[in-house]
Amino acid sequence: MRISVQPAQLDAAAARLAADAACLDALLVVARLEAAAVAVAGTQLAATVRVTAERLHAALFQARLQIAACSGALNAAAEHYELTDRQAMRGQGPA
Amino acid sequence: MTVTVDVVLGCALGDVEASARGLRADAQMIAGICNRVPGHAASWSGEAAGAATGRLDELQSALSRLNDVVSACGQLLLAAVTGLRPARDALERAGRFAAAAGMRLLPDGRVVVPPVDPMSACPGDGGLAALESERTRIAADAGALARAALTAAAEVDSDAALALTRAADGLPCGRSNSFAGLVPTASAVWPGPRTGADAIWMPARIPWDASGLDVAAWWSVLPAAARAALLADRPDRIGTLDGVPAAVRHEANVAVLTRELAAAEQLLARLQGQDWLPIGAVLVAARRRAMLLAVRGVLLADPARRLVTLDLTGSGLAAVAIGDADTAAHVAVVVPGLEQDVTGDLGTVAANAERLRAAATGLAQLVAPVATVATVAWIGYRTATFSTVPSGRRAQDGGRRLAAFARGLDGSREIERMGLPAVPGLHLTLVGHSYGSVAVGYAMRSRPPADDVVLLGSPGVAADSAGELAPDGHVYVGEANGDAVADLGWFGRDPSSRGFGARALQTDGGSDPLTGLRLRAAHGHSQYFDAGTESVRNIAAVTIGEPQLATYGDMSAAGDRILDGIDLLIR
């Protein structure tokens with residue numbers, strides 16, 4: 001099978017994903033919801049906002065894990081292609 | 001979870017708004033991350049690329065869902081703020097209003113009224129009873145506004161919580177695991193076209209069956225967006241809802257009038273264009289158009305006129321205010337009698353109301369130049385015809401409607417005054433002519449907030465004495481020479497009879513005690529409102545709350561003297 005990507009491209013993609021993960025980490029979604037819940041303390045809305053904040057916290061965490069997995073996989077693929085590329089250049093087999 | 005006064009007043013809505021705006025910015029950030037995801041595996045093919053693309057698709061889907069929920073949180077919180085802010089402002093207003101009278105709001109919106117200090121009652125203002133009455137009124141007004149605010153806040157709270165629960169549906173569970181126990185019961189969300197976050201600030205229902213004061217309070221706690229939506233969606237309902245300000249009712253009714261007139265024109269054109277002319281349908285459509293044109297004509301006669309009631313069922317009902325009924329210090333509602341309908345008589349009734357307003361304004365300028373006057377030509381009930389007149393049932397229905405109208409005017413004014421103390425309290429006079437006086441009599445039996453009552457050419461009222469209609473000294477009668485109807489006594493006791501206890505306004509001409517100008521006599525049954533008559537001048541004096549300026553005559557015309565004699569013999 002022919003590979004149509006340069007390992008450097010995969011590395012770059014992994015880096016962009018890592019940057020996005022950092023952006024996601026920097027979001028204040030949960031803090032904002034908690035502040036809103038405090039601001040309407042005593043209402044049904046406050047209680048619901050708190051539960052939503054917890055659920056969003058969990059969802060953001062899962063998304064963060066997914067990004068990390070994707071980023072890791074891209075890095076691994078890049079390493080693999082780099083290795084096979086070097087092997088091919090040394091005449092040890094096709095890439 | 002019950003929403004209390006303290007909870008609503010404690011809401012830091014600015015903080016909620018800031019959080020909501022931040023959440024919308026966060027959602028945009030997530031959307032950006034989401035949009036970049038497919039690019040990470042671009043120009044890469046092969047088995048590994050396929051697997052990576054699958055993982056990235058899953059990531060994109062998760063981010064997209066996150067974006068939806070975070071964005072919805074922002075929108076819903078902003079919508080909740082839109083709904084809660086007027087409710088909180090209204091509670092603050094009600095609290096200040098009550099506190100100024102030494103009262104306070106309880107958490108459930110009731111008003112605590114401490115006992116009156118008898119020493120604080122000023123004898124000149126009616127003494128202790130008047131003070132207590134005023135305090136009762138303040139408590140009722142503040143309580144109505146607080147109740148409306150709490151109801152609105154509870155609806156917004158419940159609807160926003162429910163919408164948020166739905167928006168977050170499908171997200172992974174957090175520590176609390178679920179919304180179990182938190183999911184609110186859906187309030188009956190307004191079944192109009194507003195959906196999504198907008199539905200949160202829409203009222204659950206239009207309070208058709210509430211008192212004028214409660215309707216006024218309800219209207220005042222609606223967000224501007226909800227008012228605009230209701231006006232656009234249901235102008236027919238808002239235009240006839242007693243308690244909604246007259247200016248708003250006018251706007252709604254004019255919208256209905258314009259729409260229905262265009263529809264009637266189209267229908268007539270379509271019917272007349274048919275090969276076979278459906279005579280019955282054409283007549284119905286033509287009658288409807290004539291009614292609408294009559295109303296439009298009355299409005300066009302003077303830009304200061306306001307269409308405060310428009311009901312197009314049957315022969316129609318309409319009421320036209322001349323002047324600003326929302327702010328005028330004195331408002332008189334002119335109620336016509338037998339065989340009066342919108343198409344044929346609204347113009348005449350409006351002209352009578354206009355002449356009364358002119359006379360009252362002229363008189364007010366002499367004694368109290370800042371006092372403003374509005375009058376209302378009120379065909380708000382189906383007046384009796386010669387065939388239905390014996391039953392008096394239409395007058396009873398008219399009385400019920402008139403009392404509701406009066407409560408609406410007064411309630412709207414009271415709620416308005418809580419925010420704007422410069423707006424004067426309402427001095428309201430009900431002026432019934434002929435069969436209209438019968439309707440006024442029935443209205444007054446339920447004690448609407450009318451200060452004075454004028455009965456003109458009355459064929460009898462369902463009361464044995466003036467005291468049954470209004471406090472002593474506040475019922476006036478007018479009986480012109482040659483008015484045979486005024487002696488009929490068909491619907492109860494003749495209010496101009498000696499023992500009834502009403503004050504008889506002079507109608508037979510004389511000189512104006514204030515200006516010395518000559519005043520004409522009113523003759524017969526239909527000249528009570530004629531310009532320059534002693535009759536309209538005296539009604540005007542009552543209308544502006546200066547009855548001492550009126551001239552009073554002997555209690556009875558010739559017919560009454562005969563009837564009084566018979567009455568005496570019977571007793």
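Up top is the structure these notes are about.
Figured I'd write up the structure that's included with this text. (Residues numbered from 1 in each chain as written. Chains lettered and ligands numbered in written order. Predicted model: local features only at pLDDT ≥ 70, side-chain atom pairs only at ≥ 80, totals over all residues. Heavy atoms only, no water.)

## What to know about unusual backbone geometry
Excluding glycine, residues mostly have negative phi values, and the peptide bonds linking residues are mostly trans. Residue and element names in this part refer to chain B. Positive phi, normally seen in glycine, also occurs at Ser-434, with a value near 55°. Mapped onto the elements, Ser-434 comes out in the loop between strand S7 (427-433) and helix H13 (435-445). Under the relative-accessibility criterion, Ser-434 is labelled buried at 9%. Of note in this structure, Arg-447 is not a glycine but carries a positive phi near 55°. On the secondary structure map, Arg-447 appears in the loop between H13 and strand S8 (452-456). (Helix = DSSP H or I, 4+ residues; strand = E, 2+ residues; numbered from the N terminus. Buried < 20%, exposed > 50% of the residue type's maximum accessible area, 1.4 Å probe, protein only.)

## Re the interface of chain A and chain B
Taken together, the 45 residues of chain A in the interface contact 54 residues of chain B. If you look at where chain A meets chain B, you find 2 salt bridges. Between Asp-20 of chain A and Arg-36 of chain B there is a salt bridge; the shortest N-O distance is 2.5 Å. Here chain A and chain B share 9 residue pairs in polar contact (both at pLDDT 80 or more) between them. At the level of secondary structure, the elements contributing two or more residues to the side of chain A that touches chain B comprise helix H1 (7-26), helix H2 (29-39) and helix H3 (44-89) of chain A. Residue classes in the side of chain A that touches chain B are distributed as 31 nonpolar, 9 polar and 5 charged. (Contact = heavy atoms within 4.5 Å. Salt bridge = Lys/Arg side-chain N within 4 Å of Asp/Glu carboxyl O. Polar contact = N/O pair within 3.5 Å; in protein donor to acceptor, adjacent residues only side chain to side chain. Nonpolar A, V, L, I, M, F, W, Y, C, P; charged D, E, K, R; others polar.)

## Notes on the packing of helix H10 (residues 279-300) of chain B against helix H11 (residues 342-367) of chain B
Residue and element names in this part refer to chain B. Contact geometry for H10 and H11: axes closest at 8 Å, N-to-C directions at 15°. Looking at the two axes, H10 sits roughly parallel to H11. Where H10 crosses over H11, the two elements pack in a sense that is right-handed. Within the contact between the two elements, H10 uses Ala-290, Met-291, Ala-294, Val-295 and Val-298 and H11 uses Val-342, Thr-343, Leu-346, Gly-347 and Ala-350. Taken together, the residues of the contact of H10 with H11 sort by class into 8 nonpolar, 2 polar and no charged. (Axes fitted to C-alpha atoms, helices over the stretch in contact; angles between N-to-C directions. Parallel < 35°, antiparallel > 145°, perpendicular 65-115°, else oblique. Left-handed = near helix turned anticlockwise from the far one by under 90°.)

## Remarks on the pattern of salt bridges
Residues and elements named next belong to chain B. Under the defined criterion, the tally for this structure stands at 21 salt bridges over all chains. Measuring nitrogen to oxygen at the nearest pair gives 2.5 Å for the salt bridge that ties Arg-400 to Asp-397. One end of the pair, Arg-400, and the other, Asp-397, are both in helix H12 (residues 393-419), 3 residues apart, so they sit about a helical turn from each other. Taken together, the shared-partner salt bridges in this structure form one network comprising Arg-137, Asp-410, Glu-414 and Arg-417.

## So, the packing of aromatic side chains
All names here are of chain B. If you walk through the whole model with that rule in mind, you get 6 aromatic pairs over all chains. Centroid distance Trp-378 to Phe-405: 6.1 Å. Interplanar angle 45°. Geometry classified as tilted. Placement of Trp-378 in strand S6 (residues 373-379) and of Phe-405 in helix H12 is noted, with a sequence separation of 27 residues between them. Using a relative accessible area of 2% as the deciding quantity, one classes Trp-378 as buried. Overall, Phe-405 belongs to the buried group, its relative accessible area being 3%. For the ring pair Trp-490 and Phe-491, a centre distance of 6.4 Å and an interplane angle of 80° mean the geometry is edge-to-face. Residue Phe-491 is classed as buried on the basis of its relative accessible area of 11%. One Lys or Arg, Arg-237, reaches over the ring of Trp-208 and ends 4.7 Å from the middle of that ring. (Phe/Tyr/Trp six-rings, centres within 6.5 Å; stacked < 30°, edge-to-face > 60°. Lys NZ or Arg CZ within 6 Å of the ring centre and 35° of its normal.)

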